Amino acid sequence: MSFDKLGLSKDILYSIDEKGYKEPTEIQKKAIPQILMGRDVLGCAQTGTGKTGSFVIPLIEILSSGKSKSRMPRCLILTPTRELAMQVSEEFNILSKYFKLQMALLIGGVSFSEQDQKLSKGVDLIVATPGRLLDHIDRGKVIIKEVKLLIIDEADRMLDMGFIPLTCSLPPWNFFRHILGNLENSCSRIIKIVPSSF
């Protein structure tokens, strides 16, 4: 199967081709169509199997229709570490090159003022670690009521590090929950804990 069989637009197919992806991996074949249809997805995949692309590709398609607002993202990706957040944001920037989408990377070790400026201009997507996201919410710099898509990347690590209860302390949102990660050992725990808390 090729990427053009997954219901993707020409612009995203150009980006995929330029990145060197020849054909979708198993998780991409299964996740991309489901996410494009607005369904909740729980994905389990080993590192290096295209897990990040499996949610970044369809969310770019979804976000391509609509407009960003100041401090009010339409999509949120949560990761357990700043390193992973940086990897996800890099993948997004590469694959969204033919789209006019704005992304903010909210991680520690970067000044609040830089992040505040980006948020005030309007962003479609936030990639963040939970602690820094909550800092911005507490400061009134991020308003999450417009979030429609949530991705929790490496949800098993989020649970092990104690971030899932922190994530679930956020106000209730009306959105689709796209939970993708390396969950070989704890799928049932994540399925029970995360959805029931929203």
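Keep in mind it's a predicted model, so treat the numbers as computed, not measured.

Caption draft 1: Structural view of the pattern of salt bridges. One pass over the structure, following the stated rule, counts 6 salt bridges. Of the charged contacts, one joins K19 and E91 as a salt bridge, the two residues approaching to 3.5 Å between their closest N and O atoms. Taken together, the positions of K19 in helix α1 (residues 10-19) and E91 in helix α4 (residues 82-95) put the pair 72 residues apart, joining distant regions of the chain. By relative accessible area, K19 is classed as partly exposed at 30%. With a closest N to O distance of 2.6 Å, R74 and D124 form a salt bridge. Of this pair, R74 sits in the loop between α3 (51-63) and β2 (75-78) while D124 sits in the loop between α5 (112-121) and β4 (125-128), placing them 50 residues apart in sequence. D124 matches R74 in its accessibility class, with the two residues each being buried.

Caption draft 2: Structural context of the nonpolar core. Judged by nonpolar contacts, the single largest core of 32 residues is most densely connected at L59, I60 and L125. Only α1, α2 (26-36), α3, β2, α4, β4 and β5 (149-153) provide two or more residues apiece to this core. For this core, the element with the most residues is α3, which contributes 6 residues. Excluding anything up to four places from it in sequence, L125 contacts L59, L63, C75, L76, I77, F92, Q102, M103 and A104. Ranked by size, the runner-up nonpolar core spans 16 residues in total, among them L76, L133, V142 and I152.

Caption draft 3: Layout of the environment of A31. On the secondary structure map, A31 appears in helix α2. The exposure class of A31 is buried, given its relative accessible area of 4%. On a C-alpha basis, the gap between A31 and F55 in space is 7.3 Å, while along the polypeptide they are 24 residues apart.

Caption draft 4: Fine view of the side chain of Q115. Here Q115 is to be found in helix α5. Residue classification places Q115 among the buried positions, given a relative accessible area of 3%. A polar contact of 2.7 Å, which involves the side chain of Q115, links it to the side chain of H136. Setting aside its immediate chain neighbours within four residues, Q115 contacts L105, L106, I107, V110, R132 and H136.

Caption draft 5: Spotlight on the confidence of the model for the protein. Per-residue confidence for the protein gives a mean pLDDT of 79, with 80% of residues at or over 70. Contacts of residues 169-198 to residues separated by more than four positions or lying in other chains number 89 contacts, the stretch itself having pLDDT below 50.

Caption draft 6: Region of interest: the pairing of β5. Summarising burial for β5: 5 of the 5 residues are buried, a large majority. Here β5 shows a buried face lined by L149, I151 and D153 and a second buried face lined by L150 and I152. Alignment of β2 against β5, held across 4 bridges, turns out to be parallel. Paired with L76 across the two strands is L150, which belongs to β5.

Caption draft 7: Molecular detail of unusual backbone geometry. The phi angle at R71 is positive, at roughly 65°, despite the residue not being glycine. Counting through the fold element by element, R71 comes out in the loop between α3 and β2.

Caption draft 8: Representation of the packing of aromatic side chains. Under the criterion given, the structure shown has 2 aromatic pairs. With 6.2 Å between their ring centres and 25° between their planes, F3 and Y21 make a pair best called stacked. Of this pair, F3 sits in the segment before α1 while Y21 sits in the loop between α1 and α2, and the two are 18 residues apart along the sequence. According to the relative accessible area criterion, Y21 is partly exposed, its value standing at 24%. A centroid spacing of 6.2 Å and a plane angle of 70° characterise the contact between Y14 and Y98, whose relative ring orientation is edge-to-face. Here Y98 lies in the loop between α4 and β3 (103-106) and Y14 lies in helix α1, a separation of 84 residues in the sequence. Just above the ring of F112 sits the side chain of R132; from NZ or CZ to the centre is 4.0 Å.

Cut-offs and rules
Residues numbered from 1 in each chain as written. Predicted model: local features only at pLDDT ≥ 70, side-chain atom pairs only at ≥ 80, totals over all residues. Heavy atoms only, no water. Salt bridge = Lys/Arg side-chain N within 4 Å of Asp/Glu carboxyl O. Helix = DSSP H or I, 4+ residues; strand = E, 2+ residues; numbered from the N terminus. Buried < 20%, exposed > 50% of the residue type's maximum accessible area, 1.4 Å probe, protein only. Core = buried A, V, L, I, M, F, W, Y, C linked by side-chain atoms within 4.5 Å. Contact = heavy atoms within 4.5 Å. Polar contact = N/O pair within 3.5 Å; in protein donor to acceptor, adjacent residues only side chain to side chain. pLDDT = per-residue confidence, 0-100. Pairing = 2+ DSSP bridges. Phe/Tyr/Trp six-rings, centres within 6.5 Å; stacked < 30°, edge-to-face > 60°. Lys NZ or Arg CZ within 6 Å of the ring centre and 35° of its normal.

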